[in-house]
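Residue-level structural notes
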Amino acid sequence: MSGNIGQLLSGTEAAKDIRAKLTEEVAELKQRVPGFAPGLSIVQVGGREDSNVYIRMKIKAASEIGIVANHLKLPKSITETELLQRLTQLNNDPNIHGIIVQMPLDSDNPIDSHLITDSVSPDKDVDGLHTINEGKVAIGDLETGFLPCTPNGCMDLIKRSGVKIAGSDAVVIGRSKIVGTPVGELLKWHHATVTVCHSKTKDLDKKAREADILVVGIGRAEMVKGSWVKPGAVVIDCGINSIPDPTKKSGQRLVGDVAFEEAKKVASFITPVPGGVGPMTVAMLMKNTVLSAKKAAMRLMSLQWNIKSIPLKLQEPVPSDIAIARAQEPKDIFHLAEEIGLGRNEYSLYGNKKAKIELSVMKRFANRKSGKLVVVAGITPTPLGEGKSTTTAGLTQAMTVHKKKNSFACVRQPSQGPTFGIKGGAAGGGYAQVIPMEEFNLHLTGDIHAVTAANNLLAAQMDTRIFHEATQTDDDLYNRLVPKKKGVREFSKIQLRRLQKLGIRKTDPGTLTADEIKRFVRLDIDPATITWDRVIDTNDRYLRKITIGQSSTEQGHTREASFSISVTSEIMAILALATSIADMKDRLSKIVVGLDRKGVPVTADDLGATGALAILMKEAMKPTLMQTLEGTPVLVHAGPFANIAHGCSSVIADLIALKLVGEDGYVITEAGFGTDIGMEKFFNIKCRSAKNVPNAMVLVTTVRALKMHGGGPAVTSGLPLAKEYVEENLDLLRKGLSNLYKHISNGNKFGVPVVVAINAFTSDTDAELELIKSSSVQNGAFDAVICRHWSYGGQGAVDLAESVIAACKQPPKFKFLYDLDLPILDKITVIAKEIYGAGKVEFSEKAERLLEEYTRLGYDKLPICMAKTHLSLSTDQKLKGVPTGFTVHVKDIIVSVGAGFLVPLLGEISKMPGLSTRPVIYDMDLDSETEEIIGLS
């Protein structure tokens, strides 16, 4: 023991030193992670003044250090359930790193304080009072949890005295949960021999006199006398008591549990009261908060996921896709969410196997550098498809599981049209699928239904408005559109926007002139110009043309109309291109449903529908998190029709994934059909909207597709392949290779390295596959990889991943195919000649008129979204291989102002598929006992 007597252990000075170091740590943390700040929430029930004093002290200390402290003051009337709900919100808030519930709870209702303490997440329990954190102290785990503040402060002061704790005899007087018991545990784990005393301890004074270190927290003023203190002992006084003192203005003074004046004459070091342990409690609270924030910042900066993959159960021969999918038990989706760094409030569960990701995740990761973007496209396919979804899933599995790279697959949500029509599913195939396959293919989280509802609400509002304008006077319309509510007449926000559009600057409904009222209430839509169809997510040929308004209630106001399949809706394209809720609302407001009789576009905003559409689309804006067979993450979002719209998964899914994977990660995103449709639109439309460009392109090809382009027999869904496709035929294959070369060339036109993925089937021979591989590289591909792994797992996936990683290291050379300032005609011509190989472009009289009309309306600056067949590079699906010199006929041009592109129609493109004679519904069933879905493939 020290020979010094009565030296003060000043908690005030020690706390000052701790706060100074914490201030430096926080400043460094903010510098390393821009936009980040430690967050502390202090929850108070009621308004006790003594609690207010402590809270003000904590907030002041936090502010000086750089911690953002929030005082959540709740009314005395709050119930236990309501308080628990508020704590859950704080637990799930990634900006809050520490939570304190100020005790005692000043509530009118019975509240279990122990339940409340244990309802704070152990990861945010900076008081160190959660049972889990207490338990960690009890078993000596002093690193992974939070140490209770007052006991930790005591230990800091003991260490500052210089006393050697290991081997010392320590006595703790008081066994409270807050101080005595945890102090005893901490001393024990610092190798002191500890005796914990309490009110029932015999010969307490004698026990105390044996202590080299004496910690007192009994709650009795000056109970421990100087005679109780061993000469040279270190005395830590945790008590604070108020006793009468007529010399003080308040008539009271604060003292500890130790008779200070007596004890300081014996002890080597002693803490004063006040100014001893008290300031240390607050300092340790701040230290825990900063520690918690540093852990959160490390998770934010940490780019390497800890993905727990699911081993594949490989079988030979390979079972059906659905058999493979059902043999694999997916992880609970919240485990996957944790593995990729999502906080609990950043996703919403839809059952156990899928979840919606909140858009707020973009704010938290705003300063994280984005990963590499890889787009998967294909050559001109057979009607069977060549395996883009399979490639996307397999490549992502290889990247994440085998190459240990953070990787996301971003894919479209399948429509029920093909699910129940021909394909039967779109989750990938073999050992490269998205699971659960049934949930992926059926309803998912309802996004397509939301698109359907929003689209049809706008259609209903449009036709209803036409009816009411046709059957009411201006005054009647005005009185109904701007009714009195509780005697007051006001324009809604969307009506004020319409007035501004009309150049009417008035805001008082009573001041409009008769002419202004007429202009306001009369949209005067010309039915002949209406372009807005109703939609349904079912193949139904009999809805291609209908007559609406035949009920007697519509008073003879009928018109010819039609239904399209839901994924052709402009709202689906908006969902796929919007970068935020605000961007989505802006795009929805610009939807043009037709023209008025003066040729002015009528928009969703004119119809008063923007807000309602946004409400219906609110949840649909959030991508759905799923997983591959190996448990790697997939974002499923949007499904715009690839022939009519741009056919890519959503911008927002890509943006979120790019942030989650981090700078060294990879996002594998899918484009629809071949480079002539999906890839061209991906680059010229989606990349402009997203303001990011891919680092590489994977081009999927198959032997069977190339043989078809070489002149092989027709490939028809539902019928067996001809022998040319299942037997080696190198001559036929060579003749078809030109189609592959053209697609490689198309990718190179954008300055993106092209990696050819040769999706191999069991009937393909080594000679055929090697021919494709060697000739691909000779004709402009960065690399070509034979991919047998979709069926059997293994090295093929790793080879493709390695090639893609190498391609992404190439210097960026991306360029758009055309400038947006080019005239509409020129942009169409560039695409037709450069991408399709056309000789010239001709326009119908209607298309020529629309060129002039859209230029007059200012739509000429929009990108082009060509609508054509995917079964040929030309506009004639019968022409295989690489047709050249053909004429592209533009029959019509549709404007999708909300989506932000013009759609030239090149031939007959049906927006409503029909069911075949034998759709796959014949093979589908639901087992009434097990509820297992049968027939999806």
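Residues numbered from 1 in each chain as written. Predicted model: local features only at pLDDT ≥ 70, side-chain atom pairs only at ≥ 80, totals over all residues. Heavy atoms only, no water.

**Observations concerning the overall build of the chain**
Of the regular secondary structure elements, the chain holds 33 helices and 37 strands. Along the first, second and third principal axes, the C-alpha set of the chain runs to 110 × 80 × 60 Å. Burial status across the chain gives 54% buried among its 937 residues. Within the chain, counting contacts between residues at least 6 apart in sequence, those at least 24 apart form 74% of the total. (Helix = DSSP H or I, 4+ residues; strand = E, 2+ residues; numbered from the N terminus. Buried < 20%, exposed > 50% of the residue type's maximum accessible area, 1.4 Å probe, protein only. Contact = heavy atoms within 4.5 Å.)

**Details of the packing of aromatic side chains**
For the coordinates displayed, the defined rule picks out ten aromatic pairs. When the centroid spacing of 5.7 Å and the interplanar angle of 75° are considered together, the rings of F682 and F683 count as edge-to-face. You'll find F682 and F683 in the same group, each marked buried. Measuring from centroid to centroid gives 6.0 Å for Y854 and Y859, while their planes differ by 50°, and the two rings are tilted. Both residues of the pair, Y854 and Y859, count as buried. An aromatic cluster of at least three residues, connected via ring pairs, comprises F682, F683, F750, F814 and F816. The ring of F146 has K295 sitting right over it, with the charged end atom 5.3 Å from the ring centre. Geometry around F816 places R688 over its ring, the cationic atom sitting 4.0 Å from the centre. (Phe/Tyr/Trp six-rings, centres within 6.5 Å; stacked < 30°, edge-to-face > 60°. Lys NZ or Arg CZ within 6 Å of the ring centre and 35° of its normal.)

**Looking at helix 14 (residues 388-402)**
The end-to-end C-alpha separation of helix 14 is 20 Å, in line with the 21 Å expected for 15 residues at 1.5 Å each. Counting buried residues along helix 14, 13 of its 15 residues qualify, which places the element largely inside the surrounding structure. Immediately downstream of helix 14, the backbone of K404 shows phi near 55°, a positive value. (Expected span 1.5 Å × (residues − 1).)

**So, the pattern of salt bridges**
Pairs may arise between side chains of opposite charge once their charged atoms sit close together. Per the stated rule, a full pass over the model turns up 56 salt bridges. Salt-bridge contacts for D606 lead to R498; the nearest nitrogen and oxygen are separated by 3.4 Å. Within this pair, whereas D606 is found in the loop between strand 25 (601-603) and helix 23 (610-617), its partner R498 is found in helix 19 (residues 493-501), the two being separated by 108 residues in sequence. Residue D606 is classed as buried on the basis of its relative accessible area of 8%. Between K846 and D892 there is a salt bridge, with the nearest N and O atoms lying 3.0 Å from each other. Residue K846 is found in helix 33 (residues 845-856), and its partner D892 is found in strand 34 (residues 892-896); the two are separated by 46 residues along the sequence. Each of the salt bridges in this network shares a partner with another, and the network as a whole consists of D17, K21, D156 and R160. (Salt bridge = Lys/Arg side-chain N within 4 Å of Asp/Glu carboxyl O.)

**Here we look at the pairing of strand 7 (residues 213-216)**
Side chains of strand 7 alternate between two faces, with I213 and V215 and L214 and V216 buried alike. Pairing of strand 5 (residues 169-173) with strand 7 involves four bridges; the strand directions are parallel. By the bridge assignment, V172 is partnered in strand 7 with V215. Relative to strand 8 (residues 234-237), strand 7 runs parallel, the two being bridged by four bridges. Each residue of the ladder has a partner; that of I213, found in strand 8, is V234. (Pairing = 2+ DSSP bridges.)

**Description of the packing of helix 22 (residues 581-589) against helix 23**
Close contact between helix 22 and helix 23 brings their axes to 9 Å; oriented N to C, the two are set at 135°. Of the possible angle classes, the one that applies to helix 22 and helix 23 is oblique. Crossing angle aside, the handedness with which helix 22 passes helix 23 is right-handed. Every residue of helix 23 that contacts helix 22 at M584, K585, L588 and S589 is listed here: T610, L613, A614 and M617. Along the lines of polarity and charge, the residues of the contact of helix 22 with helix 23 split into five nonpolar, two polar and one charged. (Axes fitted to C-alpha atoms, helices over the stretch in contact; angles between N-to-C directions. Parallel < 35°, antiparallel > 145°, perpendicular 65-115°, else oblique. Left-handed = near helix turned anticlockwise from the far one by under 90°. Nonpolar A, V, L, I, M, F, W, Y, C, P; charged D, E, K, R; others polar.)

**Overview of the confidence of the model for the chain**
When pLDDT drops low, the exact placement of atoms in the prediction is not to be read closely. Here the chain shows a mean pLDDT of 93. Residues at 70 or above account for 98%. Mean pLDDT values for the elements of the chain range from 59 in helix 30 (residues 789-792) up to 98 in strand 27 (residues 633-636). (pLDDT = per-residue confidence, 0-100.)

**Points about the side chain of T603**
Along the chain, the position of T603 falls in strand 25. Owing to a relative accessible area of 11%, T603 belongs among the buried residues under this scheme. In this structure, T603 is in contact with K501, S589, K590, I591 and V592, ignoring residues within four places of it in sequence.

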